[in-house]
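# Overview (structure and organization)
So the chains spell out like this:
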Amino acid sequence: MSHVSALVRPPLVTGGKSYHDITEDISRQVEGKPTRQWWIVFLISVVTLLYGTACVFYTWWEGLGVWGLNKTVGWAWDITNFVWWVGIGHAGTLISAILLLFRQKWRTSVNRSAEAMTIFAVICAASFILMHAGRTWLAYWAIPIPNTYGSLWVNFNSPLVWDVFAISTYFSVSLVFWYVGLLPDLATIRDRATSKVSKFAYGFFAMGWNGGAKTWARYEYVSLILAGISTPLVLSVHTIVSFDFATSVIPGWHTTIFPPYFVAGAIFSGFAMVNNLLLIIRYTFKLEDYITIEHIETMNKIITVTGSIVGIAYLTEFFVAWYSGVEYEFYAFFNRATGPYWWAYWAMMTCNVITPQLFWVRRIRRSLAATFVLSVIVNIGMWFERFVIIVTSLHRDYLPSSWAMFSPTIFDISDYIFSFGLFFTAFLLFAKFLPVVNMAEVKAVLKGVSSDYPYKKKVSAAPSERIVRPSFNKDSE
Amino acid sequence: MDTNKRFLVGVYDDEDEVLAAVKQVKKSGVNIHEVYTPFPIHGLDKAIGHPRTRLPIAAFMFGTLGLACMTALTIWTMGYDWPIIIGGKDFIALPDFIPPMFEFTVLFTAFGMVFTFFITNGLWWGADAKMFDLRTTDDKFVVAVDLGKNRLSEAAITQAFQESGAIEVNVKEIVKH
């Protein structure tokens, strides 16, 4: 067995870490007391969450009339926020599933927090689905269960029902994937724990993991198959989200380009969010040796690619709207760019198409400050993209007499703030109580990716034992 | 009645070394109980002689079950139990049912496979970890040999461990009541 990486590949773990160093560095923040920075950010998040929760309850109590919706614009911030959060969620699965299939070793130090982000982002997205249902307590009507209304079933022809299945499957499969990956690391924490409480708590969730070779062999198959099924799953989720629009007859929504364009946009915004979170984690937990500039740069490259795909999609969409010769279709697009919501359209264009192109410059791509700022801008742009798609397509509908504008009320804004409180509270709890880097996976690739591997022995395989035709799950041979 | 089991435990500190050691120790006729490592080592299960896992087969069957369930549910509810004309489509508009059918295939595959994985490995919430050495979840690689299931003497196995580069050889007794 060899651990050969091409010489052109920069190291992904710096500082000459040993296996034990990895355990120490990553477990430190789990075992120690939370830092002051953590407390400050956590308290802000909790206060935000409490304020948001109160507003969400008020929304439920009073009904959706507290939002700025009117009879022309029946979807606005609710679905914008939903699609935005689901999109953000996509990066985690992309990193953990698709990059696993592509054998990208750099995923090992970022997959844990990216998957956590996915799970919390999907929870935030789901909260908007529940909110926009108005009578949230009746949300279970979307599930096909026998009922007392003459066993009237859900409409399986409807993309909204597909969405229920897609989002719930996506959430639960991501959660399982994340949890299985956590088992070895929970066991590590359990075996280092000194207090009774943490020994019990981590031991309970580590499920008696002991790292036997048989277990590991099965674990690898489980990861591989989960990755294999999560890859089409993640693509299907945003495809189905786009079907919510694309299968309608609203000019501006009724386009076949939506599925690929939504998926690219989702990965685009998700990686931007991963970048933001990782930069914060890297700084506060001092993980510069694990989350290196190379990781950041790689993600910036993905942002550039997906951002360019999104840009092409915007232009294609516009071109086809004109080329189709359908007056109504073209008007929807022309109105987006030049109508009363021109500022939203151009905010979207600037943030998603123009500024990410700065990442072509190596200096910018490798600058932490620039990465952080540009990633925030990407997510602002992606929020505007969904706002533009939803609101500008609706606000000038078939009868000019019913044309209207949408202006958010304090509850539109507060319910959006709620999701930030929820997301950051959950993420901070994760960052404190669980290892933010997958220790076992980083150790497994350490020999191939470390800048300065400290271990003395490298036993090279006898020629007869070398694998000439590597099978599909033999990673590093 | 107490039955005591005695294990001889060889501790290694390098992944390549432990893989080579397993092959070497096995060649000298030692029957290895199991090897415990902090991370997966490719080819280790094969070197010990563990049979290939059948988990993928289980996963496939769970997936098929999920597909069958959703196919049956959609066709029965939409086509037979309460047919409604929607958008002029057929009652059983199969292409429309593909998204939920696909999602259920994935859902059943994931949950079925993962719970099979838990059960076959004796993993469950709150289960006791049977550890030979606590350092195996940190940076040590441990080869455990059940002395009761080996014809070779303790000394011979110890020697085999040491010759293959073990940094420590310990005896571990597991007491069963």
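Residues numbered from 1 in each chain as written. Chains lettered and ligands numbered in written order. Predicted model: local features only at pLDDT ≥ 70, side-chain atom pairs only at ≥ 80, totals over all residues.

## Quick notes on the overall build of chain B
A count of helices and strands for chain B gives five helices and four strands. Secondary structure elements of chain B, listed N to C terminal, follow the sequence β-α-β-α-α-α-β-α-β. Taken over the C-alpha atoms alone, chain B extends approximately 80 × 40 × 30 Å along its principal axes. (Helix = DSSP H or I, 4+ residues; strand = E, 2+ residues; numbered from the N terminus.)

## Some details on the overall build of chain A
Helix and strand counts for chain A come out as 15 helices and zero strands. By the compact-globule yardstick of 23 Å for 477 residues, chain A fits well, its C-alpha radius of gyration being 24 Å. For chain A, the C-alpha atoms occupy an extent of roughly 80 × 50 × 45 Å along the three principal directions. Per-residue burial over chain A gives 50% buried out of 477 residues. Of the contacts made within chain A by residues no fewer than 6 positions apart, 83% connect residues no fewer than 24 positions apart. (Rg over C-alpha atoms; globule rule 2.2 N^0.38 Å. Buried ≥ 20, exposed ≤ 12 C-beta atoms within 10 Å, placed from the backbone. Contact = placed C-beta atoms within 7 Å.)

## A short note on the nonpolar core
Residues Ala125(A), Val222(A), Val274(A), Val22(B), Val35(B) and Val143(B) are the most contacted members of the largest nonpolar core, which totals 186 residues. Leaving out residues up to four positions away in the same chain, Val35(B) has contacts with Ala213(A), Val18(B), Val22(B), Leu44(B), Ile48(B), Phe141(B), Val142(B) and Val143(B). (Core = buried A, V, L, I, M, F, W, Y, C linked by C-beta atoms within 7 Å.)

## Remarks on the interface of chain B and chain A
Across the boundary between the two partners, chain B contributes 64 residues, which contact 62 residues of chain A. Of all the secondary-structure elements, those providing two or more residues to the side of chain B that touches chain A are α1 (15–27), β2 (32–36), α2 (44–48), α3 (55–81) and α4 (94–120) of chain B. Counting residues per element, the side of chain B that touches chain A draws most heavily on α4(B), which supplies 16 residues. Across the side of chain B that touches chain A, the residue classes break down as 36 nonpolar, 15 polar and 13 charged. (Nonpolar A, V, L, I, M, F, W, Y, C, P; charged D, E, K, R; others polar.)

## Here we look at unusual backbone geometry
Residue and element names in this part refer to chain A. Backbone geometry places Met-207, a non-glycine residue, at a positive phi of 60 degrees. One can find Met-207 in the loop between α6 (196–206) and α7 (213–246). Residue classification places Met-207 among the buried residues on the basis of 20 C-beta atoms within 10 Å. The phi torsion at Lys-286 lies on the positive side, around 55 degrees, for a residue other than glycine. Assignment of secondary structure puts Lys-286 in the loop between α8 (258–284) and α9 (293–323).

## Quick look at helix α10 (residues 327–338) of chain A
All names here are of chain A. Taking 1.5 Å of rise per residue, 12 residues should cover 16 Å, and α10 covers 16 Å from first to last C-alpha, within 8% of that figure. Turning to α10, its buried residues number three or more, namely Ala-332, Phe-333 and Arg-336. Around the axis of α10, the buried residues are gathered within 85 degrees of arc, so they sit on the same side. Set apart from the buried face of α10 by more than 90 degrees, the exposed residues are Glu-327 and Thr-338. (Expected span 1.5 Å × (residues − 1). Arc of directions from axis to C-beta.)

## Focus: the domain arrangement of chain B
According to the domain assignment, chain B contains domain 1 (3–52 + 130–176) and domain 2 (55–120). Each of domain 1 of chain B and domain 2 of chain B has a C-alpha centre, and the two are 45 Å apart. (Domains from an automatic or database assignment.)

## Quick word on the packing of helix α3 (residues 77–101) of chain A against α8(A)
All names here are of chain A. Contact pair α3 / α8: the axes reach a minimum separation of 6 Å and the direction vectors enclose 80 degrees. With respect to α8, the element α3 is oriented roughly perpendicular. Along its contact with α3, which presents Gly-87, Ile-88, Gly-89, His-90, Ala-91, Gly-92 and Leu-94, the element α8 presents Gly-265, Ala-266, Ile-267, Ser-269, Gly-270, Phe-271, Met-273 and Val-274. Residue composition of the contact of α3 with α8, grouped by class: eight nonpolar, seven polar and no charged. (Axes fitted to C-alpha atoms, helices over the stretch in contact; angles between N-to-C directions. Parallel < 35°, antiparallel > 145°, perpendicular 65-115°, else oblique.)

## Describing the environment of Gly92(A)
All names here are of chain A. Within the secondary structure, Gly-92 is located in helix α3. With 31 C-beta atoms packed within 10 Å, Gly-92 lands in the buried category. Measuring from C-alpha to C-alpha, the distance between Gly-92 and Lys-17 comes to 26 Å, with 75 residues separating the pair along the chain. Setting aside its immediate chain neighbours within four residues, Gly-92 contacts Ala-114, Glu-115, Met-117, Thr-118, Ser-174 and Gly-270.

## Focus: the confidence of the model for chain B
Residue and element names in this part refer to chain B. The predicted model of chain B averages 89 in pLDDT, with 96% of residues at 70 or higher. Ranking the elements of chain B by mean pLDDT puts strand β4 (residues 168–176) last, at 78, and α4 first, at 95. Interface confidence for the predicted complex, expressed as ipTM, amounts to 0.93; the pTM equals 0.91. (pLDDT = per-residue confidence, 0-100.)

## A short note on the pairing of β2(B)
All names here are of chain B. Along β2, five of the five residues are buried, which leaves the element largely enclosed by surrounding structure. As paired elements, β2 and strand β3 (residues 141–146) share four bridges and run antiparallel to each other. Counted as the bridge partner of Ile-32 is Val-145 from β3. (Pairing = 2+ DSSP bridges.)

## Some thoughts on the packing of α8(A) against helix α13 (residues 368–395) of chain A
Residues and elements named next belong to chain A. Contact pair α8 / α13: the axes reach a minimum separation of 9 Å and the direction vectors enclose 140 degrees. Taken together, the axes of α8 and α13 lie oblique to each other. Relative to α13, the crossing made by α8 is left-handed. Across from Gly-265, Phe-268, Ser-269, Ala-272, Met-273, Asn-275, Asn-276 and Leu-279 in α8, the residues of α13 making contact are Leu-368, Thr-371, Phe-372, Ser-375, Val-376, Val-378, Asn-379, Met-382 and Glu-385. Partitioning the contact of α8 with α13 into residue classes produces nine nonpolar, seven polar and one charged. (Left-handed = near helix turned anticlockwise from the far one by under 90°.)

## Let's talk about the environment of Ala54(A)
Structurally, Ala54(A) can be placed in helix α2 (residues 36–62). Classification of Ala54(A) as exposed rests on a count of 12 C-beta atoms within 10 Å.

## Section: the confidence of the model for chain A
Residues and elements named next belong to chain A. Residue-level pLDDT values for chain A average 88, and 92% of them are 70 or greater. Highest mean pLDDT in chain A belongs to helix α14 (residues 410–433) (95); lowest belongs to helix α15 (residues 439–449) (85). For residues 456–477, every residue scores under 50 in pLDDT, and the model assigns this stretch 24 contacts once sequence neighbours within four places are set aside.

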